Amino acid sequence: SHPQLRTTTEKNRNLRKRFHMDAFIATSSIGQRVLRGAVPRTSASPPGRRFARVGLGSVHRGTRPTMVSTGSSPPMATRSSLADLRYRNTFVEELPGDPITENYTRQVEGAVYSRVQPTPVAEERQPGDGNVEEPKLVGWSKEAAELLGLAEGVEAEKETVEILAGAKVVEGMAPFAQAYGGHQFGSWAGQLGDGRAISLGQVIGRDEQKWEIQLKGAGKTPYSRFADGRAVMRSSVREFLCSEAMHHLGIPTTRALSLVSTGAGVLRDQFYNGNAKIEPGAVVCRMAPSFIRLGTFELPAARQDTDLLKQIADYTIREHYPEYASASKDPRVEDNAYSRMLRDVIRRTAAMIADWQSVGFVHGVCNTDNFSVLGLTIDYGPYGFLEDFDPSYTPNTTDLPGRRYCYGSQPSVGLWNLLQFTQALLPLMTQDTAQAALEEYSDIYKNEYTQRMQRKLGLAKWNGAEDAGLVSTLLENMKTDKLD
């Protein structure tokens, strides 16, 4: 039985205190078990795996958040430097690339990537720019380094910092920028691509896990359009911290290995009011099994390049959904490999957004090019977390007029994005199969969200409509009383 929820401010305050105390007690005991190794934690957030979610929403005013340890790593041979890592660059080896090697802005057709080198900031100096300082490491994730198999202390090496600043490329790396399109704020934007992200290569890390390592802010690419390919420290710090924080909340996400100050300034108009100023430049190194996006499939589909679309789908299945590799690839077959992949992408995306909703995370830019085909939280731009419970909250100032990507709209936006992805895949499956897969989203999301709210409220079992009404009333009261 549950206490009746009342709408008075005092009753809600008491209820809030009780929930916070219960969450604190539960989190403390579970957290201690995690630190002792009694509760297994995943070392990363690879797609398709169930995660131990510990204490979601349990950091309150007056408490100090603690980074949960992932425990001891299994014994393995560590690598002394980034140059010693095991590179296996299947993306550039197995998919068609741009035949043009010059680095200038252009439309790239018939290819999934362009080979491009990071640009050291010293090469972009102009007369009168003044001195450019040496790059400096200002952030390092020991846990992310362990995933790659890097030895402790490698971050102190000069070569490591130079590589992570985009000033050096070593043997084994195969730098590239990915081509993709996307719908932005509901409208087709055509070719987009990695405008300021350059993947150094793909690595086989600990436990044979595949990782693509990518520098964000390392210079221009053929997809930079009118931008400079650089990033500022202000936004890079946010991505570095939130990537690792989301992982420790148990939410599938890209990881962050490092944050480097480039030693050069970057001109930015932070508030888009015409008052641009020089800010410190930075490069964040992020990691994921893959940075393939929904928009990676949309671009060839929009160009009616079915052969390229199929090559991308086959590669994605082969590398990231191998359980479907032996299934039929005949578009006329109802339950073929592509439809199975589609259903998995839908399931993972629904679960990811349920995670977001359960911790009050607002992505801010839920364009289709910012959604991972692996169900990972990707591209930390103007994100935010709810303070007062306000379903209309958006951290993105450019989204304020319509609030398309506000907190309360994220589940429906996820469905809309998956609709665009499904339409892109239609040449590879029957329309009935695609429609049936898409219709599964709502039930999957509802079930995933229900599980999270059941855990947050400490309910031993879920009593259907009764408990759904409890959650609905609680959230409505939180909105009315502007509770955290």
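Read on for an overview of the structure.

Basis of the calculations
Residues numbered from 1 in each chain as written. Predicted model: local features only at pLDDT ≥ 70, side-chain atom pairs only at ≥ 80, totals over all residues. Heavy atoms only, no water. Helix = DSSP H or I, 4+ residues; strand = E, 2+ residues; numbered from the N terminus. Buried < 20%, exposed > 50% of the residue type's maximum accessible area, 1.4 Å probe, protein only. Contact = heavy atoms within 4.5 Å. Pairing = 2+ DSSP bridges. Axes fitted to C-alpha atoms, helices over the stretch in contact; angles between N-to-C directions. Parallel < 35°, antiparallel > 145°, perpendicular 65-115°, else oblique. Left-handed = near helix turned anticlockwise from the far one by under 90°. Polar contact = N/O pair within 3.5 Å; in protein donor to acceptor, adjacent residues only side chain to side chain. Core = buried A, V, L, I, M, F, W, Y, C linked by side-chain atoms within 4.5 Å.

Observations concerning the environment of Met-287
Take Met-287: it is sitting in strand S11 (residues 277-288). What makes Met-287 buried here is its relative accessible area of 0%. Separated by 88 residues in sequence, Met-287 and Ser-199 place their C-alpha atoms 9.3 Å apart. Met-287 has contacts with Ala-144, Leu-147, Leu-148, Trp-211, Glu-212, Ile-213, Thr-254, Arg-255 and Leu-257, leaving out every residue within four places of it along the chain.

Structural notes on the pairing of strand S10 (residues 255-268)
With ten of its 14 residues buried, S10 lies for the most part within the structure. Note: strand S3 (residues 136-140) against S10, four bridges, orientation antiparallel. Following the sheet pairing, Leu-137 is matched in S10 by Val-260. Judged from the ten bridges that link them, S10 and S11 form a sheet pairing that is antiparallel. Considered in S11, the bridge of Val-260 is made with Val-283.

Notes on the packing of helix H6 (residues 294-302) against helix H9 (residues 410-425)
Where H6 contacts H9, the two axes come as close as 9 Å, and the packing angle between them is 45 degrees. Judged on the interaxial angle alone, H9 and H6 are oblique. Viewed along their axes, H6 and H9 form a crossing whose handedness is left-handed. Taking contact as the criterion, the partners of Leu-294, Phe-297, Glu-298 and Ala-301 in H6 are, on H9, Asn-417, Gln-420, Phe-421, Ala-424 and Leu-425.

Structural notes on unusual backbone geometry
Not every positive phi belongs to a glycine, and Phe-185 is a case in point at roughly 55 degrees. In this fold, Phe-185 is placed in the loop between strand S5 (181-184) and strand S6 (187-191). Look at Arg-403: it is not a glycine, yet its phi comes out positive at around 50 degrees. Relative to the helices and strands, Arg-403 resides in the loop between strand S13 (384-385) and H9. Residue classification places Arg-403 among the partly exposed positions, given a relative accessible area of 33%.

Examining the environment of His-183
For His-183, the location among the structural elements is in strand S5. With 112 residues separating them along the chain, His-183 and Gly-295 place their C-alpha atoms 7.7 Å apart. Residues in contact with His-183, not counting those within four places in the same chain, are Trp-188, Glu-298, Asn-367, Thr-368, Asp-369, Trp-416 and Gln-420. One polar contact links His-183 to Glu-298, side chain to side chain, over a distance of 2.7 Å.

Considerations on the nonpolar core
If you look at the biggest cluster of nonpolar residues, it comprises 73 residues, and the most contacted ones within it are Phe-297, Met-341, Trp-356, Phe-421 and Leu-425. Residue contributions to this core peak at twelve residues, all from helix H8 (residues 337-359). Grouped together as the second largest cluster of nonpolar side chains are 33 residues, Leu-82, Leu-85, Ala-177 and Ala-218 included.

These figures come from the coordinates and say nothing about function on their own.
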